[in-house]
Amino acid sequence: MEILSPDFRFDASFLEDKFKNIAGELTKKEFDRELLRKRFIAEDVRVQKLKPETPKNISFLSVDSAIVKKELRYHAIWGSHPVVLYSEFDGSRHPDPLAQGEIGYVNLMYNSFPDIGVFLPYRHIDSRMNSLRIMGEYASLMDSYRCMDSGSVDYFLVDGSLQTNLARLKNEAKISGFPEHKAALRLHKELMGMGKVIGLVEDSHSSDLARRMGFEVPNIVLLDMVLDDCEYVSEKKDGVNICHLKLPSKPLNYIHSRKSNPLVVRWEFSYDDFRQDLAVIAGLWLMEDDILHTQIYPMRLTDYLTRRLKIGGVLDALIAENDVDPLYRNMREG
């Protein structure tokens, strides 16, 4: 051991040896692409070709939320801000209501549903908060749809994985007695029966398909290596059709010298006859030149609007006004 002094030291040579050992694991993996595609066929993974379509006159109702929890000495509180956005794509260009420029969407309208509450009892709040998030999003989406004056909605857009949400809710509702899980599961089933629900996953770490092929990488990484542009694979889990599609390069308005890289996305559909709708969403994605992202504009805008209200600051104000004791380990002075 070293004598303690302001001259704190560590064994730099040990880290250098670690760097050298790990460097071999960080080299780019080599693989036979054609052989891997044949293995896909052997594993009954069907690779299909898609032609993106240029849609006209379609409508969306999208939902997302921001949710925060605060753990205190005797209490745990939560706050959420779901936002529902209605939008129509008509094939024309319209002024962006929030910034300079034009967008392909018109008649944008929103509903905001801020809410706060207390966890009773003060247990298992991480899993319960996820169910509270799903409850808030799905209930807000369905309430907004029912309150619309007229017309219909072609697509309901949800941020994240429908299948993952359902699997987690089923498990939590089975092993715990907290009402949030059962209520969220009920709302999930109700939403799935309302129409065409599409889950746009922002980032996926699922690796089940890659592991079947002998790779320890996320599925999207493997499929980026294997698929050609506009090819996709799909599988059905828990009644949800999970699609991984390789979108081609596209021009971006802030990159003048080159196009973007191709992008593999995970989009999920609550119904079976989804191929044409997959082509429609892909066509929309190709027309949007403002950012390279796995979601289309209505979903991205909904996410932005949830953060216009700093729900964590609302909880901080609530705590300050009621002089609530902080978490026990944070009761420090000096």
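Residues numbered from 1 in each chain as written. Predicted model: local features only at pLDDT ≥ 70, side-chain atom pairs only at ≥ 80, totals over all residues. Heavy atoms only, no water.

Draft legend 1. Looking closely at the packing of aromatic side chains. All told, the structure shown has seven aromatic pairs when counted by the stated rule. Between the aromatic rings of Phe 89 and Tyr 105, the centroid separation amounts to 5.4 Å while the plane-to-plane angle is 65 degrees, which identifies the pairing as edge-to-face. Pair noted here: Phe 89 is in strand β3 (residues 76-95) and Tyr 105 is in strand β4 (residues 102-112), with a separation of 16 residues, a long-range link. Residue classification places Phe 89 among the buried positions, given a relative accessible area of 4%. Assessed through its relative accessible area of 3%, Tyr 105 is described here as buried. Taking 5.1 Å as the distance between ring centres and 80 degrees as the angle between the ring planes, the aromatic pair formed by Tyr 145 and Phe 156 counts as edge-to-face. Of this pair, Tyr 145 sits in helix α3 (residues 125-146) while Phe 156 sits in strand β6 (residues 155-159); the two residues are 11 residues apart in sequence, bridging distant segments of the chain. One aromatic cluster is present, built from ring pairs that chain together Phe 60, Phe 89, Tyr 105, Tyr 155 and Tyr 297. Here Arg 128 stacks its cationic end above the ring of Phe 178, 4.3 Å away from the centre of that ring. Across the ring face of Trp 285, the terminal group of Lys 250 is positioned such that the distance to the ring centre comes to 3.7 Å. (Phe/Tyr/Trp six-rings, centres within 6.5 Å; stacked < 30°, edge-to-face > 60°. Helix = DSSP H or I, 4+ residues; strand = E, 2+ residues; numbered from the N terminus. Buried < 20%, exposed > 50% of the residue type's maximum accessible area, 1.4 Å probe, protein only. Lys NZ or Arg CZ within 6 Å of the ring centre and 35° of its normal.)

Draft legend 2. Expanded view of the environment of Ile 103. Position of Ile 103 among the secondary structure elements: in strand β4. For Ile 103, a relative accessible area of 7% gives the class buried. When the C-alpha positions of Ile 103 and Arg 186 are compared, they lie 36 Å apart, and in sequence the two are 83 residues distant. Beyond its immediate sequence surroundings of up to four residues, Ile 103 is in contact with Ser 92, Arg 93, His 94, Pro 95, Asp 96, Pro 97, Leu 108 and Tyr 297. (Contact = heavy atoms within 4.5 Å.)

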